[in-house]
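Each chain, letter by letter, is given below.
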Amino acid sequence: MCSRLGASLLLLLIFLRPNCAASLPGHNQQVRSQALKRLLEVFGMVDAPQSPHRVRQPPQYMLDLYNAVADVDGVTKQPDLLVGNTVRSFLDRSRSQQLQFFFNLSSVAKSETILSAELHLFKLRGRLFRDTLHHRQHFCQVSVYQILDSSNTSTAEGQRLLSSRVLAVHDSTWEVFTITQAVYTWTHDKKSNKGLMVIVQTLAGQQTNNHFVRFATARDHHSSKQPMLVLFTDEERRGITTSSSLKDMGTENPFISHRILQNKASQNRNTRSLHFQGCQRHHLYVDFEEIGWSGWIISPRGYNAYHCKGACVFPLGKNMRPTNHATVQSIINALKLANDVASPCCIPDKLFSINLLYFDDDENVVLKQYDDMVAGSCGCH
C-alpha cells in the first residue's frame, strides 16, 4: 500500500460521518466508535473532553495567540511563535479577597515538559491618596511569591520569591510575571501547590494598603480581567499506528469490504477512462461538528486535510514532483525489468501542522499544535 496512514485516515473519516453511521448495521456501530477512538489518538487524547456546562468566553489572550499562530482553518502560519506545542490557561480558583491566587494544574499530563509559566494579572488604575506614605508615589514594587506554608505566609519560611518588578502606579494594563519555578514544583508534587501571593511595596520597601495598587480578581471583576496562569509545555505525542484492528475495519467486515471493493473497482474504471490521471492533491475536509466535537473545540470549526490520489506512471513529469528514486523505479516498472517492482506511489511530500483551541475537562482553554496534519503538496515517491 502506497500510503497506509493516509488510507487509514480516509477510512476513519468515512465512518465518522453521520450519514455513513446511519447506513451501518447495528453491530457495525462498534466500528464507528473504534474509528472515533483512533481519531482521538491522532490528536493525542484518550477521550474527548466534555463540553462546558455553560457558555464560556475564552480568555482574550488565548484567542489572540491562536489568531497569531494559525490561519482561519487552523493551519500554522507562524511556526516559530510558540514555545513548545502546547499552551494551557488556568483561571484563579481561590476567590480570595486578598492578593492570593490558586490554580488547579491537575490536567497537565506527565508527558508534558514544562518550558515556562506566567502569571497574568490585570492592573487597575491606582487611587490617589493624600497621606504621607502614598502621596506623589508614581511607581511601586510588585513581588510574586510561592506560598510554602498557608498558615505562615508572612515569614521567609512560608514563602519563596518568584518574580519582582517595578510598575507605574497609575497605569491600567495586563502585567506578566514569570513563575516557572513554582509550576515545575507543583507538577512534580501536587500537594505542594498552595498558591501564589502578591505583595505591593513602595520603592522604599514599605508595604502599601490594598487600595493603593489594585489588581482585578475573579470575585469582583469581569471574566475578561480574571487572573490567569499561562503554561507553555512540549508534549511528546506518538502518531497513529496502523494496528491490526484498524486494518480489520476494511478486511474483516463484509459490509465494509464490499463497499471498498466497489469503490476500488469504480476508481480503476475511472482511472482507465481518464488515461491515468496524474498524481495530485484532492480536498478532504474534516468537519468537527459532523463528528460531534464542536461542543469543546473553539477553533477551527474544521480543516482541509487534503489527500493525494492519482497515477505515477512513466514518464514522470516535473509537475508530479518525483524523487530521483521514484523516477528510476518508474523506468524499471515501465520496462518490466523486474516482476516485483510496482510503480511509485502518490503521497504527500509536504505536510503542515494545524492548531486546535479547545476546552479541556476542567473548562480550561488549551492551544495545541499538531504536526503533519495537512497535505501541503503531493508527489510521486
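Residues numbered from 1 in each chain as written. Predicted model: local features only at pLDDT ≥ 70, side-chain atom pairs only at ≥ 80, totals over all residues. Heavy atoms only, no water.

J.: Would you take a moment to explain the overall build of the protein for this structure?
T.: Looking only at helices and strands, the protein features eight helices and 16 strands. Within the protein, the fraction of its 381 residues that count as buried is 43%. Here the protein displays about 20,800 Å² of accessible surface, and carbon together with sulfur accounts for 50% of that area. (Helix = DSSP H or I, 4+ residues; strand = E, 2+ residues; numbered from the N terminus. Buried < 20%, exposed > 50% of the residue type's maximum accessible area, 1.4 Å probe, protein only. Areas by Shrake-Rupley, 256 points an atom, 1.4 Å probe, with all protein chains shown as cover.)

J.: Can you help me understand the sheet that holds strand 7 (residues 196–201) in this one?
T.: Each strand in a sheet pairs with another by means of backbone hydrogen bonds, the pair being arranged parallel or else antiparallel. Sheet architecture is open: four strands sit in the order 2-7-4-5, paired in antiparallel fashion. Each end of this open sheet is capped by a strand with a single partner; those strands are strand 2 (100–101) and strand 5 (159–168). Looking at chain direction, strand 4 (residues 139–147) and strand 5 are connected through nine bridges and run antiparallel. Along strand 5, the bridge assignment pairs Gln 146 with Arg 160. Of the strands in this sheet, strand 4, strand 5 and strand 7 are in contact with helix 5 (residues 180–188), which crosses strand 5 at around 150°. (Pairing = 2+ DSSP bridges. Contact = heavy atoms within 4.5 Å. Axes fitted to C-alpha atoms, helices over the stretch in contact; angles between N-to-C directions.)

J.: Can you help me understand the packing of aromatic side chains in this one?
T.: The description of two aromatic rings rests on the distance between their centres and on the angle between their planes. In this structure the tally under the stated criterion is eight aromatic pairs. Ring geometry for Phe 288 and Trp 293: centres 6.1 Å apart, planes at 15°, overall stacked. Across the pair, Trp 293 and Phe 288 agree in class, each one buried. Lying over the aromatic face of Phe 122, Lys 225 brings its terminal NZ or CZ to 5.2 Å of the ring centre. The lysine or arginine in question, Arg 281, covers the ring of Tyr 306, its NZ or CZ lying 3.6 Å from the ring centre. (Phe/Tyr/Trp six-rings, centres within 6.5 Å; stacked < 30°, edge-to-face > 60°. Lys NZ or Arg CZ within 6 Å of the ring centre and 35° of its normal.)

J.: Help me understand the environment of Tyr 61 in this model?
T.: Within the element layout of this structure, Tyr 61 appears in helix 4 (residues 60–69). Not counting residues within four places of it along the chain, the set of residues in contact with Tyr 61 comprises Glu 118, His 120, Met 228, Val 230 and Phe 232.

J.: How should the pattern of salt bridges be read in this particular structure?
T.: A side chain with one charge may pair with a side chain of the opposite charge, provided their charged atoms come close. Overall, the coordinates contain six salt bridges when judged by the stated rule. In this structure, Arg 56 and Glu 363 form a salt bridge, with 4.0 Å as the shortest nitrogen-oxygen distance. One end of the pair, Arg 56, is in the loop between helix 3 (29–42) and helix 4; the other, Glu 363, is in the loop between strand 15 (346–359) and strand 16 (365–380), with 307 residues separating them in the sequence. There is no split in this pair, since Arg 56 and Glu 363 are both buried. The salt bridge involving Asp 360 is made with Arg 88; its shortest N-O contact spans 3.9 Å. Of this pair, Asp 360 sits in the loop between strand 15 and strand 16 while Arg 88 sits in strand 1 (residues 86–91), placing them 272 residues apart in sequence. Each member of the pair Asp 360 and Arg 88 is classed as buried. (Salt bridge = Lys/Arg side-chain N within 4 Å of Asp/Glu carboxyl O.)

J.: I'm lost on the confidence of the model for the protein in this one. Help?
T.: Low pLDDT marks stretches whose predicted atomic positions should not be read closely. On average, residues of the protein score 80 in pLDDT, and 78% of them reach the 70 mark or higher. The low-confidence segment residues 238–266, where pLDDT is below 50, has 41 contacts with residues more than four positions distant or belonging to other chains. (pLDDT = per-residue confidence, 0-100.)

J.: Can you walk me through a nonpolar patch on the surface in this structure?
T.: A grouping of Phe 314, Ile 331, Leu 335 and Leu 337 is seen on the molecular surface, where their side chains present a nonpolar patch of about 400 Å² in accessible area. You can see Phe 314 is positioned in the loop between strand 14 (307–309) and helix 8 (324–334). (Patch = residues over 30% accessible without salt bridge, like charges linked within 9 Å, V, L, I, M, F, W, Y side chains within 5 Å.)

J.: Help me understand the state of the cysteines, please; the structure alone is not making it clear to me.
T.: Counted under the stated rule, the structure contains three disulfides. The residue that forms a disulfide with Cys 279 is Cys 346, at a sulfur-sulfur distance of 2.1 Å. Of note, the bridge from Cys 279 to Cys 346 carries an S-S torsion of about 75° and is right-handed in sense. Of this pair, Cys 279 sits in the loop between helix 7 (254–273) and strand 10 (280–282) while Cys 346 sits in strand 15; the two residues are 67 residues apart in sequence, bridging distant segments of the chain. The partner cysteine of Cys 308 in its disulfide is Cys 378, sulfur to sulfur 2.0 Å. (Disulfide = S-S within 2.5 Å.)

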